[in-house]
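Close look at the chain arrangement
So you can see what is in the structure, the chains are spelled out below.
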Amino acid sequence: MSNIAIIGATGRAGSQLLEEALRRGHSVTAIARDTSKISPRAGVVSKNVDVLDAAALQAAVAGHDAVISAAHFSTIPASAIIEPVKQAGVKRLLVVGGAGSLLLPDGSRVIDSEGFPEEYKAEASAGAEFLNTLRREKDLDWTFLSPSAEFVEGERTSTFRVGKDDLLVSAEGRSWITFADFAIALLDEVEAPKHSRQRFTVGY
């Protein structure tokens, strides 16, 4: 079993990743600005950390087998995550990505499509830039997992498809994945890496 640090462990994706990691018997360090809503239990160490405090984040992730970042992109630059992880000597970084940089059938990005919601553009653009930064990264063994277009609350089905850089769309024309099933896909990657230094995606 691994010792995993989860940055952004109180968010919707982060909290499901925490639950999935514990379900599988991993030890988790839950990192967030305020971890008070994480209930004390076996297997979890909670640490209040401002992710923009590089020294504090480096200290919090040191000694872990892998770091998962579920932090928002628009408020936290890629370097604020990548550099402390590297300085701490952790080799594996897995990132909860966004769907905006996925490709449509014509080869264009989702974020560049007509009708892409204006309110999501800042976050999606920052997520695409985070991915571009990772693709230039030489030292880390990184993985970037993009959800489908709709990233929603819902049941844990354990039944989904895995893709690479193209947006997955169901037979009904919907592109979606629940936080719980996304967490399964990312923890699968922690345990049995198949996408080293790659982006991949999941959907129904």
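Conventions used here
Residues numbered from 1 in each chain as written. Predicted model: local features only at pLDDT ≥ 70, side-chain atom pairs only at ≥ 80, totals over all residues. Heavy atoms only, no water. UniProt positions renumbered as here; feature names shortened; annotations may be inferred. Helix = DSSP H or I, 4+ residues; strand = E, 2+ residues; numbered from the N terminus. Core = buried A, V, L, I, M, F, W, Y, C linked by side-chain atoms within 4.5 Å. Buried < 20%, exposed > 50% of the residue type's maximum accessible area, 1.4 Å probe, protein only. Contact = heavy atoms within 4.5 Å. Expected span 1.5 Å × (residues − 1). Polar contact = N/O pair within 3.5 Å; in protein donor to acceptor, adjacent residues only side chain to side chain. Axes fitted to C-alpha atoms, helices over the stretch in contact; angles between N-to-C directions. Parallel < 35°, antiparallel > 145°, perpendicular 65-115°, else oblique. Left-handed = near helix turned anticlockwise from the far one by under 90°. Nonpolar A, V, L, I, M, F, W, Y, C, P; charged D, E, K, R; others polar. Salt bridge = Lys/Arg side-chain N within 4 Å of Asp/Glu carboxyl O. Phe/Tyr/Trp six-rings, centres within 6.5 Å; stacked < 30°, edge-to-face > 60°. Lys NZ or Arg CZ within 6 Å of the ring centre and 35° of its normal.

A closer look at the UniProt feature "domain: NAD(P)-binding" (unreviewed entry) in the chain
UniProt's entry tags residues 8-189 with the feature "domain: NAD(P)-binding" (unreviewed entry), counted in the numbering of this structure. Within the segment residues 8-189, helix and strand shares are 31% and 19% respectively, and the terminal C-alpha atoms sit 19 Å apart.

Topic: the nonpolar core
Counting residues in each nonpolar core, the largest one holds 29 residues, and the members touching the most others are I6, L17, I68, V96 and L186. At the level of elements, strand 1 (3-7), helix 1 (12-23), strand 2 (27-32), strand 4 (66-69), strand 5 (92-96), helix 5 (179-191) and strand 10 (198-203) are the ones that each hand at least two residues to this core. No other element matches helix 5, which puts seven residues into this core. When sequence neighbours within four positions are dropped, the list of residues in contact with I6 reads G14, L17, L18, V28, T29, A30, I31 and I68. In this structure, V49, A60, W142 and F144 belong to the second largest nonpolar core, which totals 27 residues.

A closer look at helix 4 (residues 121-135)
Between its terminal C-alpha atoms helix 4 stretches 21 Å, which fits the 21 Å expected from 15 residues at 1.5 Å a residue. Packing partners of the buried residues in helix 4 comprise helix 3 (78-87), strand 5, strand 6 (141-146) and strand 10.

Side note on the side chain of H26
One can find H26 in the loop between helix 1 and strand 2. Taking the relative accessible area as the measure of exposure, H26 reaches 4% and is therefore buried. Here the side chain of H26 touches S2 through a polar contact of 3.0 Å, landing on its backbone nitrogen. At 2.8 Å, the side chain of H26 and the side chain of E191 are in polar contact.

Points about the environment of R197
With respect to the secondary-structure elements, R197 resides in the loop between helix 5 and strand 10. What makes R197 partly exposed here is its relative accessible area of 40%. Residues R197 and L94, spaced 103 residues apart in sequence, show a C-alpha to C-alpha distance of 9.6 Å.

Observations regarding the packing of helix 1 against helix 5
Helix-helix packing is characterised by the crossing angle of the two axes and by the distance between the axes. Here helix 1 crosses helix 5 at 55°, and the two axes come no closer than 8 Å. Classified by the interaxial angle, the pair formed by helix 1 and helix 5 is oblique. The handedness of the crossing between helix 1 and helix 5 is right-handed. On helix 5, the residues that touch R12, A13, Q16, L17, E20 and A21 of helix 1 are F179, A180, A183, I184, L186 and L187. Residue composition of the contact of helix 1 with helix 5, by class: nine nonpolar, one polar and two charged.

Describing the pattern of salt bridges
Counted under the stated rule, the structure contains 16 salt bridges. A salt bridge links R23 to E20; its shortest N-O distance comes to 2.8 Å. On the criterion of helical spacing, the pair formed by R23 and E20 is a turn pair, its members being three residues apart in helix 1. Taking relative accessible area as the criterion, R23 reaches 51% and is therefore assigned exposed. By relative accessible area, E20 is classed as buried at 1%. As a salt-bridge pair, E129 and R136 come within 3.5 Å of each other at their nearest N and O atoms. The exposure class of E129 is partly exposed, given its relative accessible area of 42%. Sharing partners across several salt bridges, the network here consists of E20, R23, R24, R156, D188 and E191.

Side note on the packing of aromatic side chains
Aromatic ring pairs are described here by two measures, namely the spacing of the ring centres and the angle between the planes. A full pass over the atoms with the stated rule returns five aromatic pairs. Summarising the aromatic geometry, the rings of F73 and F144 are spaced 6.1 Å apart at their centres and angled 20° between planes, so their arrangement reads as stacked. Highlighted residues: F73 in the loop between strand 4 and helix 3 and F144 in strand 6, separated in sequence by 71 residues. Taking relative accessible area as the criterion, F144 reaches 0% and is therefore assigned buried. Plain terms: the ring middles of F151 and F179 are 4.3 Å apart, the flat faces sit at 40° to each other, and that makes the pair tilted. Placement of the pair is F151 in strand 7 (residues 150-152) and F179 in helix 5, with a sequence separation of 28 residues. Judged by relative accessible area, which is 5%, F179 ranks as buried. Grouping aromatic residues by their ring pairs yields a cluster made of F73, F130 and F144. Its end group placed over the ring of W176, R174 keeps NZ or CZ at 3.9 Å from the ring centre.

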